[in-house]
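Listed below, chain by chain, are the residues.
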Amino acid sequence: MKKEITKIFAPLLVLLIATSFFGAFSASVAGQTAAAQGNVPAPTPATGTTPPLDPSQTAAAQEKAMKIIKDVMSVDLSKYKIELKINSIMDGSPLTDDNRKITNLMYALTPIESKDENNVIEVYFAVEKDVVTNYFITPVTSQVITTTQYANPEEVVKGFLEKYQTYTTIDSGNLIATLDKADLSKNFTTDKENTKLVVSNSLFGTNEQTTLRWTHTVNGADYTALEIGVNAKGAIISVYDTRALYSIGDTSINISKEQAIDVALENLKDYSYDLFDGVVVSDFKVSRDNIVATLLTSPVDYKLRPYWDLRMMLDEVYPGGVQGITAFIWADTGEVISYSNMAFGGDYTDNTNYTDAEATSPNYTLTAVMAAVIVAALAIVTIGLVTKRKHK
Amino acid sequence: MKKIFIVSMLLISLMALSTTSLVFGNFASASTCAANFLPNYVAPVDTPNEMALSEATADYIVSVLNSKYPIYNPRGSICTDTDFKNYLGYLQAYDNAVVYTKGHRNAETCPYGNKHIGLIMNNGATVWDRQIYPIDSSKNVHTFVWHCETAIMPPGSHYDTDGCYGLPAAFTHNLNIPLWGSTGTQVYLGWTNNVPPYPYPEQRGGSPQYEWTINPSYNYAQVAAFYYYYMGQNYQNSAALISMATAIYGTSFQNTYLANWLDVYGNMYLTLP
């Protein structure tokens, strides 16, 4: 009886001892990276997050967002539990002194009939100056269950524009007109009066997406825009709309592209930048052929104004990894907005003096030690059992 | 009989000891620590303006991360290769690690034909991918490496006799981490060579310096800042990128130059822990 019990318990005992040893060993190794080196500095303690915003402070934005969920996205409300998960206000853009105030909301749409967390669809909203400028859903491959169905992506887009027109009260007749005989599987540009539509098929990461961008175009410059994204399932997953956010100022283009290049090159003579050691870098050489000039618009106090975006590529890489100089010039007055360096962080070519790997993986060391201990434990058990049998 | 009793007691004691860690272990709330690295290896590559922007951006990112987690914030002379590796190691004492680093890269091709990327530290020394891999683990749940070519990782095993190659694999300790994936517990952001298409004087690639302006209102420092603002608001990674793109560029992420230049490995739908 004694021998039988010993036979049963002895291997278990050895295994338990071994297991306990692994536990103690692995715990010490896990902390080894920090503790074994001694004098591990303490990190700066967390300062604590700001208290969550009272939802009542964003009530107006929430009302607009919910209206979109119901009336534009046509979410089948009987299929989802809808919860407000993010509610915040960005008061001024980070690292700028601008006065943008953006309310950010996120609603989680949890399917009532599924408890799988992976089926939750998140809808993000940005509200600026009482206008919903942007909303989108993630995952980007999602398809929300809606109360309306369409035969193909073209119908989806037309249906969206009609509903969205009702919501925004902005006439979308021109936008809808640009979709006549449109094949959204192809990239194309078309226009109708002052409305330009650019359809582009691209990837968000590895996910196919069709983007339709309508812009109000005057004198070759794109002003306010409505942009929507349609995923491979034919679902509208993003909307970006500045038509009610920005007004359009003076659309005169008094400076031609060539004149803008002249202004940029002339002012480049006075442009310089310092290096860390006090050396001033100037006298940049640019070939006129290596200047890319594009007419764009930029908001100034929420009023769009045309400007020339010039990328002047230099004849060589200048100190600081500077390959080119940007110049922004107002297209109505010719006034210079700013210059900046086009520089990249990687200023090193491949190192030909290859050095051998120095590091040995501590994880591999741990694995090797653990394997050795297991083998040793098994050997002890086997030897013990064999010895006992021989003694019999 | 006495022996049986002793053995039984020993077994019971061992079992009790084994379960102690399960009972008293802090499994309810995972601990997280963050690190912001700014090696400031400036000579000869950073202008004073770039350095000032780098400090300001680091301050902002630290403020966002430090509101949630304890943080290591090594900059300048205390961000040598040894420091960098030590701090990466210190983070492994926590359940989750969050890392941001901004600076320059080094590159070399090993005898096995694979390209290794390393990060240049304040003392000019390089911390290579193969050196980072053994220090890091799956605990690195959110990593953004704003150095050149840090998202370049050709398909393959990402491990040869020399060690790990490719920083996404090295930082996440996941040799098969997918590009723009939708599963897993880790996300890694870095830069490829797919730079905006201009006639550069030399074939160069990688991360933009912060001082490069995108339009009259914003530069690349604000790309980093907006991204971290949204991540700080508990946005999913992809949502933070989309929101940053519309706020700065006025269009969707995939319509900006960032698409295919700023790449995401791992689960793009993760939030900060």
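(A) Focus on the overall build of chain A. Looking only at helices and strands, one finds seven helices and 16 strands in chain A. In chain A, buried positions account for 44% of the 392 residues. The contacts in chain A between residues at least 6 apart in sequence include a share of 49% that link residues at least 24 apart.

(B) Up close: the sheet that holds strand 10 (residues 187-191) of chain B. All names here are of chain B. Taken in spatial order, the six strands make up an open sheet running 2-1-3-7-10-11, and their pairing is mixed. The sheet terminates laterally at strand 2 (71-72) and strand 11 (262-266), the two strands that pair on one side only. In terms of strand pairing, strand 1 (residues 32-37) meets strand 3 (residues 96-102) through six bridges, oriented parallel. By the bridge assignment for strand 3, A35 is matched with V99. The strands touched by helix 3 (residues 81-91) within the sheet are strand 1, strand 2 and strand 3, with strand 1 carrying the most contacts at an inclination of about 165 degrees.

(C) Up close: the confidence of the model for chain B. When pLDDT is averaged across chain B, the result is 90; 89% of the residues are at 70 or more. The low-confidence segment residues 19-28 of chain B, where pLDDT is below 50, has three contacts with residues more than four positions distant or belonging to other chains.

(D) Main features of the pattern of salt bridges. Residues and elements named next belong to chain A. Throughout the structure, instances matching the rule amount to 20 salt bridges over all chains. The closest approach of N and O atoms between K67 and D71, which form a salt bridge, is 3.2 Å. Of the two residues, K67 and D71 are both situated in helix 3 (residues 59-72); the distance of four residues between them amounts to about one turn of the helix. Note on D71: relative accessible area 39%, which makes it partly exposed. Note that E83 and K85 form a salt bridge whose closest N and O atoms lie 3.9 Å from each other.

(E) Local environment of the pairing of strand 11 of chain B. All names here are of chain B. Burial analysis of strand 11 places five of its five residues in the buried class, the great majority of the element. Both strand 10 and strand 11 contribute to a ladder of five bridges, which runs antiparallel. Across the sheet, residue Y188 finds its bridge partner in strand 11, namely Y265.

(F) The arrangement of the side chain of H147 of chain B in detail. Residue and element names in this part refer to chain B. Within the element layout of this structure, H147 appears in the loop between strand 7 (140-146) and strand 8 (159-160). With relative accessibility at 0%, the residue H147 sits in the buried group. Here the side chain of H147 touches G103 through a polar contact of 3.3 Å, landing on its backbone nitrogen. Aside from chain neighbours lying at most four places away, what touches H147 is P39, T101, K102, G103, H104, R105, L119, W191 and S207.

(G) Focus on unusual backbone geometry. Residue and element names in this part refer to chain A. Of note, the amide linkage connecting T138 to P139 takes the cis form, showing an omega dihedral of -5 degrees. Tracing the chain through its elements places P139 in the loop between strand 4 (131-138) and helix 4 (153-168). Notably, D283 is not glycine yet its phi reads approximately 55 degrees, a positive angle. In this structure D283 comes out as exposed when scored by relative accessible area, which is 58%.

(H) Spatial organisation of the interface of chain B and chain A. Taken residue by residue, the interface counts 102 residues in chain B and 99 residues in chain A. Of the roughly 8300 Å² buried where chain B meets chain A, counting both sides, 60% is carbon and sulfur surface. Interface area lost by chain B to chain A is led by R204, P216 and Q254 of chain B, which between them contribute 8%. Inspection of the chain B/chain A interface yields 33 residue pairs in polar contact (both at pLDDT 80 or more). Looking at the side of chain B that touches chain A residue by residue, the class counts come to 59 nonpolar, 32 polar and 11 charged.

Cut-offs used in this document
- Residues numbered from 1 in each chain as written.
- Chains lettered and ligands numbered in written order.
- Predicted model: local features only at pLDDT ≥ 70, side-chain atom pairs only at ≥ 80, totals over all residues.
- Heavy atoms only, no water.
- Helix = DSSP H or I, 4+ residues; strand = E, 2+ residues; numbered from the N terminus.
- Buried < 20%, exposed > 50% of the residue type's maximum accessible area, 1.4 Å probe, protein only.
- Contact = heavy atoms within 4.5 Å.
- Pairing = 2+ DSSP bridges.
- Axes fitted to C-alpha atoms, helices over the stretch in contact; angles between N-to-C directions.
- pLDDT = per-residue confidence, 0-100.
- Salt bridge = Lys/Arg side-chain N within 4 Å of Asp/Glu carboxyl O.
- Polar contact = N/O pair within 3.5 Å; in protein donor to acceptor, adjacent residues only side chain to side chain.
- Buried area = accessible area lost by both parts, 1.4 Å probe.
- Nonpolar A, V, L, I, M, F, W, Y, C, P; charged D, E, K, R; others polar.

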